[in-house]
Structures are given as structure tokens and as C-alpha cells.
Amino acid sequence: MSLMVADCNRTRHSLQRPWTGLLFQSWQRELEQELDQFNIAIVEPLHGSVPAVSLIHQAACLSLYLPLGKLERYAGKEGEKRSADVYELFIQHINPSHLRQAAWHAGQILRIARCIPPGLLTGFCATCLYFAALALWTYSTVTAPEESSGRELRTESALQHDTFFLDGEGSPSGALRRFVISGQGIPALSSGSSPAYLDNQAAVMRLFQQVLRSNYPSQAIPQQAQTLYHAFSALGSIRRVKECEVPSKKLPPE
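What you are looking at is a predicted structure, and each value in this text was computed from that prediction instead of being measured.

A. The arrangement of helix H12 (residues 223-237) in detail. Taking 1.5 Å as the rise per residue, H12 with 15 residues should run 21 Å; its terminal C-alpha atoms sit 22 Å apart, in good agreement. Of the positions making up H12, those classed as buried are Ala-225, Thr-227, Leu-228, Ala-231, Phe-232, Ala-234, Leu-235 and Gly-236. Where H12 is buried, its residues touch helix H7 (123-142) and helix H11 (201-214).

And the structure:
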């Protein structure tokens, strides 16, 4: 299944305008149906006993809507020029509804990662968590308000009535569907007593760091997890990117 998604993305990204074209829209819908069937037949029966299967399924869904291989470059890992090129060629052409759908899958990856047994959030599972963080960071940079912070523009009433959680459990709610289709609502992640809104990149990345840290309560954090921990810290401190700008800090090398 993951190979089918990767093959679709490789072909799509070879075009000048990678996120358009009726052929690839049809291909994407077919893959969505295949992933839904896989979820019903394999993921749902195992989600309680083998959460890693759910994690990988959500990562495959995420990759259907965002070019995961490009996100590190967009975050500045290969320098400012490469970041600007990736934005111009790929990021700015992403369908907004695809970006919002990807944000939901990223939130689900974070939720499932919290359920991974201690010491097992490593290897490909840890990589899935990393791409989820990159996806949410990308969402926040692309949707950043032009002027003042989105947090400053929100009233207390709007926060109370329009906030919904991307890492919520269960079937997609009406609020989530409205968000994906038309961008309504204020997406957030659950974080103790107060939500972590996606435009607060530092707060969002702290949640990812907490998941890594809590998965190793009584043992040393392995090298991969340490590298990701520092990458989350870097993502939380990179300022937002506007249309012709690039990240002012780089991701640490692996």
C-alpha cells in the first residue's frame, strides 16, 4: 500500500504543477478508497493491541496529501535557497483542503504515538512522528495570517465555540469535516488544561517532545529519539514563512 502511494507521489511530483490534473485526482481517490478498506480490514481490528499499525496507516494517509520528502527541505535543512525553491515548486500549489486533511492525519499520528508501549517509539514509528510534526509546521507556515498573530485576532467566545482537536479519538466530527472542506473552525491539539493551537509552533512542538520523552520513562533516550527531540525544538523556533521568505533557522543534521 505504501509503495502505491509513493509511486503516485513520485509521478505527480515530476510535473511542473504537481498537485493538479484530473488523472492524479482520480488516482488519489482510488488510493483513498484502498486505504479506507485497509483501515476496516486490518487497522481497526488491531488498533488496540498493535497501535503501530494504526500509526503507519495514518502516515500513509498523510503522505497522500503532502509531499513528505519535500518537507525537510522546506524547513531549511538544505539551506535557504532550496527551501525557497521547494515552496515555489510544491508547497504553494498544495490544495488547501489537502493541507487541512494532512493536518488531521498528523494530529492522529500524535494521538496514536502516545499509545505506543514504552521504549517502542523508535525506527519507522519515530519517523512517522517526525513527519507529522513537519506536516503541522508546514500547515502553520502556509496558513499564517498576513499581519498580526491569529491568537490576537480570536475572541474568547470564538476560541470556546470554534476550537476542535486534531488528535481527538473516534470518527471525524462535523467540525472536522467543515474544517477540511471549507477551513472553518480553529484546529488545535490537546495539551493539558489549554489547547495548543497550530499557529503556536513552539507549543505544538513541545507536545511532540513530550511524547518522545514519555516513551522512555526509565531508560536512556536512543540516538534517533534524541535527534528528533532536537529537530522538534528547531521547528518550534523557526519563524513563520511568508510567500517569498524562507525559514531563518535550519533543522539539525541527522
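B. Structural context of the environment of Ile-186. With respect to the helices and strands, Ile-186 occurs in strand E2 (residues 186-189). When the C-alpha atoms of Ile-186 and Leu-166 are compared, they prove to be 9.9 Å apart, with 20 residues separating the residues in sequence.

C. Examining the nonpolar core more closely. Counting 64 residues, the largest nonpolar core has Leu-66, Leu-129, Leu-136, Leu-166, Leu-189, Phe-208 and Phe-232 as the members making the most contacts within it. A per-element tally of this core places H7 first, with twelve residues. With sequence-adjacent residues up to four places away left out, Phe-232 is seen in contact with Leu-129, Tyr-130, Ala-133, Met-205, Phe-208, Gln-209 and Leu-212.

D. Region of interest: the confidence of the model for the protein chain. Summarising the model, the protein chain shows a mean pLDDT of 82, and 76% of its residues fall at 70 or more. Within the model, pLDDT remains below 50 along residues 146-150, and this stretch shows five contacts once partners closer than five positions in the same chain are excluded. Counting interchain partners and residues more than four positions distant, the pLDDT-below-50 stretch residues 240-244 has 18 contacts.

E. Inspection of the pattern of salt bridges at higher detail. Scanning the entire structure with this criterion turns up five salt bridges. Asp-85 is the partner of Lys-81 in a salt bridge, and the nearest nitrogen-oxygen pair spans 2.9 Å. Of this pair, Lys-81 and Asp-85 both sit in helix H5 (residues 80-89), four residues apart, which is roughly one turn of the helix. Asp-167 is the salt-bridge partner of Arg-114, the closest N and O atoms lying 2.8 Å from each other. Separated by 53 residues along the polypeptide, Arg-114 in the loop between helix H6 (96-113) and H7 and Asp-167 in the loop between strand E1 (163-165) and helix H10 (174-182) bring together distant segments of the chain. Classification of Arg-114 by relative accessible area gives partly exposed; the value is 37%. Connected through salt bridges with shared partners, the residues Arg-73, Glu-78 and Arg-82 form a single ionic network.

What counts, and where the lines are drawn
Residues numbered from 1 in each chain as written. Predicted model: local features only at pLDDT ≥ 70, side-chain atom pairs only at ≥ 80, totals over all residues. Heavy atoms only, no water. Helix = DSSP H or I, 4+ residues; strand = E, 2+ residues; numbered from the N terminus. Expected span 1.5 Å × (residues − 1). Buried < 20%, exposed > 50% of the residue type's maximum accessible area, 1.4 Å probe, protein only. Contact = heavy atoms within 4.5 Å. Core = buried A, V, L, I, M, F, W, Y, C linked by side-chain atoms within 4.5 Å. pLDDT = per-residue confidence, 0-100. Salt bridge = Lys/Arg side-chain N within 4 Å of Asp/Glu carboxyl O.

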